[in-house]
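A look at the structure
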Amino acid sequence: MNFKKIVILGTGGTIAGRASSAFDNVGYAAAQVGIAQLLADIPSLAEGGPIISEQIAQLDSKDMSFAVWQQLAQRVNYFLACDDVQGIVITHGTDTLEETAYFLQAMCRPDKPVVITCAMRPATALVPDGPQNVLDALAVARHAGASGVVAVCAGTIHGAVDVQKVHPYKLDAFSSGDAGPIGYVEEGRLRLVRNWPVAQEQRAHVAIEKVAKWPRVEIIMSYAGASGAIVQALLDQGVDGLVVAATGNGTVHQDLQHALLKAQAAGVRVVRSTRCVNGRVLPVPGDAIADSNGLSPVKARVALMLELLA
Ligand code: SIN
């Protein structure tokens, strides 16, 4: 028995969802069941050591906001600094989980485990996946040597930088792409296949409690027939940064490229990521627009926001 605490922070999601029928895995409302009730419904939860929980938010993660991120990061920092806390588990919706994971990794750079977990079926399902995911997340949070922000879903441990939701329905909805997962949770034990992630170069140089205004960074996609009209509209609104989800190895439709270069010349930060699910943009000397250093478009946006904040 470990006597250090695990803190479980609830933010909503399908894991806390309710449907009117136990056979309905899609027509439910997310974020209905409070974290205390969710945990009370999981047998043997506290067997490995003490747990405390706190409800940070109750939302469908498609509606994740900067205000919730700010509150979450502050509570994560607070508990990371407590000597009697071994690690933190966060229950979260699957839809923007990868953005929150990357945000917390860059903002908090935890040397203890911060484990984000979720579910693809609501709490009311005949066979919900949330309880097992929470138990697996607890096993990771209690693992000696675990550190950094990771996601745990369907028995797989993914690093914050690599994790991506890749399926809208399957219980095993996440992938770490080319990097592969960090490991697996099997019958409460961890089987690691690579090292815990090391702190990333891209990081926040700003204290979360001091953030009063978030920079506006938007994502634009390059596709057949793309134009620069959207870039001009955003410039007119005073956008601070743009991430382009480019084709293939970071290529951009010539009309969109022209508008992006104009925006860049006007002082707006522009970053190229690829819309391909796997791989990364391989830069070549003299590229007119910087690449995202391997980050997906949504994570490149978070990175650019944090950079602009600093
Ligand atoms: C959400 O992201 O909050 C809803 C979808 C899910 O958790 O799977």
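Residues numbered from 1 in each chain as written. Predicted model: local features only at pLDDT ≥ 70, side-chain atom pairs only at ≥ 80, totals over all residues. Heavy atoms only, no water.

Secondary structure summary: the chain contains seven helices and 14 strands in total. Its C-alpha atoms give the chain a radius of gyration of 20 Å, near enough to 19 Å, the size a compact globule of 310 residues would have. Here the chain holds 310 residues, and 50% of them are scored as buried. Put simply, of all contacts in the chain between residues at least 6 apart along the chain, 71% involve residues at least 24 apart. Surface exposure of the chain reaches about 13,900 Å², of which carbon and sulfur atoms provide 51%. When the 25 positive and 28 negative side-chain charges of the chain are each reduced to one mean point, those points stand 3 Å apart. (Helix = DSSP H or I, 4+ residues; strand = E, 2+ residues; numbered from the N terminus. Rg over C-alpha atoms; globule rule 2.2 N^0.38 Å. Buried < 20%, exposed > 50% of the residue type's maximum accessible area, 1.4 Å probe, protein only. Contact = heavy atoms within 4.5 Å. Areas by Shrake-Rupley, 256 points an atom, 1.4 Å probe, with all protein chains shown as cover. Lys, Arg positive; Asp, Glu negative; His and termini not counted. Charge placed at Lys NZ, Arg CZ, Asp CG, Glu CD.)

Summarising the element assignment, Thr117 is placed in strand E4 (residues 113-117). Overall, Thr117 belongs to the buried group, its relative accessible area being 0%. Other than its neighbours up to four places away in sequence, Thr117 contacts Val89, Ile90, Thr91, His92, Leu97, Asn133, Val134, Ala137 and Val152.

Moving on, we come to the packing of aromatic side chains. Under the criterion given, the structure shown has five aromatic pairs. Taken together, a centroid distance of 6.2 Å and an interplanar angle of 50 degrees make the contact between Phe66 and Trp69 tilted. Linking Phe66 with Trp69, this pair stays in helix H2 (residues 66-80), spanning three residues, or about one helical turn. What makes Phe66 partly exposed here is its relative accessible area of 27%. Each ring, one from Trp69 and one from Phe103, has its centre 4.5 Å from the other, and the planes form 10 degrees; the classification is stacked. Pair noted here: Trp69 is in helix H2 and Phe103 is in helix H3 (residues 97-108), with a separation of 34 residues, a long-range link. Here Trp69 and Phe103 have matching classes, each one buried. Through successive ring pairs, a cluster of aromatic residues spans Phe66, Trp69, Phe103 and Trp214. (Phe/Tyr/Trp six-rings, centres within 6.5 Å; stacked < 30°, edge-to-face > 60°.)

This brings us to the state of the cysteines. One pass over the structure, following the stated rule, counts zero disulfides. Of all cysteine sulfurs, the one in Cys82 lies closest to Cys108, which takes part in no disulfide; the gap is 13 Å. (Disulfide = S-S within 2.5 Å.)

Judged by side-chain polarity, Phe23, Leu126 and Val127 come together as a nonpolar surface patch covering roughly 360 Å² of accessible area. Its place among the elements puts Phe23 in the loop between strand E1 (5-12) and helix H1 (35-40). For Phe23, a relative accessible area of 66% corresponds to the exposed category. (Patch = residues over 30% accessible without salt bridge, like charges linked within 9 Å, V, L, I, M, F, W, Y side chains within 5 Å. Salt bridge = Lys/Arg side-chain N within 4 Å of Asp/Glu carboxyl O.)

Roughly 370 Å³ of internal volume is contained in the largest pocket. As for the largest pocket, its lining consists of 24 residues, and the residues nearest its centre are Gln164, Val277, Gly279, Gly294 and Ser296. (1 Å grid on protein atoms, 1.4 Å probe; cavity = no way out; pocket = protein on both sides within 12 Å on 5 of 7 lines; lining within 4 Å. Points joined across faces, edges and corners; volume = space filled by probe spheres on them.)

Moving on: the domain arrangement of the chain. Frequently, the measure chosen for interface size is the accessible area that the parts lose on association. Domain boundaries in the chain define domain 1 (5-192) and domain 2 (215-309). The distance between the C-alpha centroids of domain 1 and domain 2 comes to 30 Å. With 16 residues of domain 1 at the contact, the number on the domain 2 side is 12 residues. In total, about 1,100 Å² of surface goes out of reach between domain 1 and domain 2, with carbon and sulfur atoms giving 68% of it. Taken as a group, Phe66, Glu99 and Tyr102 account for 40% of the area that domain 1 buries against domain 2, more than any other trio of residues on that side. In this assembly, domain 1 and domain 2 are joined by zero salt bridges. Inspection of the domain 1/domain 2 interface yields four residue pairs in polar contact (both at pLDDT 80 or more). For the side of domain 1 that touches domain 2, the element with the highest residue contribution is H3, accounting for six residues. Counted by class, the side of domain 1 that touches domain 2 contains 10 nonpolar, two polar and four charged residues. (Domains from an automatic or database assignment. Buried area = accessible area lost by both parts, 1.4 Å probe. Polar contact = N/O pair within 3.5 Å; in protein donor to acceptor, adjacent residues only side chain to side chain. Nonpolar A, V, L, I, M, F, W, Y, C, P; charged D, E, K, R; others polar.)

Turning to unusual backbone geometry, a few remarks are in order. One non-glycine residue, Ala154, adopts positive backbone phi at about 55 degrees. Structurally, Ala154 is set in the loop between strand E5 (148-153) and strand E6 (156-159). Phi is positive for Glu187, close to 50 degrees, though the residue is something other than glycine. Within the element layout of this structure, Glu187 appears in the loop between strand E9 (183-186) and strand E10 (189-192).

Quick look at the sheet that holds strand E3 (residues 85-91) now. On the basis of which strands lie adjacent, the open sheet formed by eight strands has the order E2-E1-E3-E4-E5-E6-E9-E10 and mixed pairing. Either end of the sheet is taken by a strand with one partner, and the two such strands are strand E2 (51-59) and E10. Neighbouring strand axes in the sheet, compared pairwise and without regard to direction, differ in orientation by 25 degrees on average. Its contacts with the sheet place H2 against E1, E2, E3 and E4, and it is angled at close to 170 degrees to E2. In the packing of helix H4 (residues 130-141) onto the sheet, contacts are made with E1, E2, E3, E4, E5, E6, E9 and E10, and the angle to E4 comes to roughly 170 degrees. (Pairing = 2+ DSSP bridges. Axes fitted to C-alpha atoms, helices over the stretch in contact; angles between N-to-C directions.)

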